[in-house]
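The residues making up each chain are set out below.
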Amino acid sequence: MNFFNKISILFLAVGMACSCSEDKLDPESILVDLDIEQNELDNYIQNQFTDDYNISIVYKFVEPESDYDYNLSPANYESAVRITRLLHYLGIEPYDRIVGNKDFIRAYFPKLLNYIGSPAYRNNGTMVLGTAEGGVKITLYALNQLTEERSTNVAFLNRYYFHTMHHEFAHILHQNKDYPASFREISGSGYVGDAWNDVYEGDDVAGAAADGFISPYASKEANEDFVETYSYYITLTPEQWEVRISSGSEEGMEIIEEKLDIVRTYFETVWNIDLDVLRDEILRRQEALPEFDQLSLN
Ligand SMILES: [Zn+2]
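So, a few notes on the structure that sits alongside this text. (Residues numbered from 1 in each chain as written. Predicted model: local features only at pLDDT ≥ 70, side-chain atom pairs only at ≥ 80, totals over all residues.)

**Focus: helix 4 (residues 77-99)**
- With 23 residues, helix 4 extends 32 Å from end C-alpha to end C-alpha; this agrees with the ideal 33 Å at 1.5 Å per step.
- The largest bend in helix 4 is about 40°, located at I92, with the proline P94 one to four residues further on.
- Two residues or fewer after helix 4 comes G100, characterised by a positive phi angle close to 90°. (Helix = DSSP H or I, 4+ residues; strand = E, 2+ residues; numbered from the N terminus. Expected span 1.5 Å × (residues − 1). Bend = angle between axes of the 7 residues up to and from the residue.)

Next up, the structure:
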């Protein structure tokens, strides 16, 4: 039985149990085959993600739910190992450390992570760095660009993976407990919707900052603005943050700072997370990356 047959049958068996009875193989043989295929990464995911946080990771194939329009290919094994180790070290453990237990991640982090090897592009040429569906699943793209040379490049890691991860995670948090309406009112009618990529063409960070947005994408609508402000704040050094928010205009900088105040208070009061403490924990780990063994699964 070939790999793709197994996968589609597994998917059908789980997702549409009542519609796959006539021409499919016996489900028992599928489970046996999957057991045999457990490798070191599978075991690591089971121990460090599934047992501890009830998180599953799909990395071996482009699963049927993925958007076929993008013409996607799977992540290679080494890149999948690296990102899994890095997600644990840079993405999940800082939250555990700050809240003092694993319950927060277990309760709110998406239950399914999906790795895609290739980048994904929209029709307008913008690259999709990540997608999230209903607070349940985060898909990370371009995993095969995570090579050894780039594995300690913090700017690269944030731009491609961790900014996305924190961005999507923050969506889940505000969908569970909303932030104050006062945040939406700051930019009000200044949000540009799907035109964000034209308004700030060529990733015009300074242009967006001049209008009070931490990134071009933040100008799309208030929810994106909220999670972009959060994600940039906790992954940038204080110096990088200052450079970024002051790259447009004095007025724009003050608007971003006003937004940050609301984000900061929201995380403090709703989630008992001090953004500065979380940021310092993330930055400390970013600095320690050269000593962190990304390929050790023991
Ligand atoms: Zn978003």
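**Quick notes on the sheet that holds strand 6 (residues 137-140)**
- Reading across the sheet, the four strands line up as 1-2-6-5 and stay open at both edges, with mixed pairing between neighbours. Both edges of this open sheet fall to strand 1 (56-58) and strand 5 (130-133), since each of them pairs with a single strand only. Within this sheet the neighbouring strands show an average axis-to-axis angle of 15°, counted without direction.
- Of the strand pairs in this sheet, strand 1 and strand 2 (residues 112-115) are connected by three bridges, and their pairing is parallel. Its bridge partner lying in strand 2, V58 is registered against N114. (Pairing = 2+ DSSP bridges. Axes fitted to C-alpha atoms, helices over the stretch in contact; angles between N-to-C directions.)

**Topic: the packing of helix 10 (residues 222-235) against helix 12 (residues 250-271)**
- The N-to-C vectors of helix 10 and helix 12 enclose an angle of 90°; their axes lie 10 Å apart at closest approach. With respect to their mutual orientation, helix 10 and helix 12 come out roughly perpendicular. Contacts between helix 10 and helix 12 involve D225, F226, T229, Y230 and Y233 on the former and, on the latter, I256, K259, L260 and V263.
- Here the contact of helix 10 with helix 12 is built from residues that sort into six nonpolar, one polar and two charged. (Parallel < 35°, antiparallel > 145°, perpendicular 65-115°, else oblique. Contact = placed C-beta atoms within 7 Å. Nonpolar A, V, L, I, M, F, W, Y, C, P; charged D, E, K, R; others polar.)

**With respect to the environment of E93**
- Mapped onto the secondary structure, E93 falls in helix 4.
- Assessed through the 17 C-beta atoms surrounding it within 10 Å, E93 is described here as partly exposed. (Buried ≥ 20, exposed ≤ 12 C-beta atoms within 10 Å, placed from the backbone.)

**Some details on the environment of I172**
- In this fold, I172 is placed in helix 6 (residues 154-176).
- Judged by the 18 C-beta atoms lying within 10 Å of it, I172 falls in the partly exposed class.
- A C-alpha to C-alpha distance of 9.8 Å links I172 and V227, two positions 55 residues apart in sequence.
- The residues contacting I172, other than those within four sequence positions of it, are Y108, P110 and G135.

**Re the packing of helix 4 against helix 13 (residues 275-287)**
- Helix 13 packs onto helix 4 with a crossing angle of 140° between their chain directions and a minimal axis gap of 9 Å. It follows that helix 4 is oblique to helix 13 by the angle criterion. Judged by the sense of rotation from one axis to the other, the crossing of helix 4 with helix 13 is right-handed. Of the residues in helix 13, those in contact with Y89, L90, P94, R97 and I98 of helix 4 are V277, L278, E281, I282, R285 and Q286.
- Broken down by class, the residue content of the contact of helix 4 with helix 13 amounts to seven nonpolar, one polar and three charged. (Left-handed = near helix turned anticlockwise from the far one by under 90°.)

**Concerning the nonpolar core**
- One finds I57, I83, Y115, I116, L140 and L143 to be the most contacted residues of the largest nonpolar core, which totals 63 residues.
- Counting residues per element, this core draws most heavily on helix 4, which supplies nine residues.
- With residues near it in sequence (within four places) discarded, Y115 still touches I57, V58, Y59, A75, A80, I83, L140 and L143. (Core = buried A, V, L, I, M, F, W, Y, C linked by C-beta atoms within 7 Å.)

**Some thoughts on unusual backbone geometry**
- We note that D203 has phi near 50°; this positive angle belongs to a residue other than glycine.
- Within the secondary structure, D203 sits in the loop between helix 8 (196-199) and helix 9 (205-210).
- Residue class for D203 comes out exposed when judged on the 12 C-beta atoms lying within 10 Å of it.
- You will see that N272, though not glycine, has its phi angle at about 60°, which is positive.
- Tracing the chain through its elements places N272 in the loop between helix 12 and helix 13.

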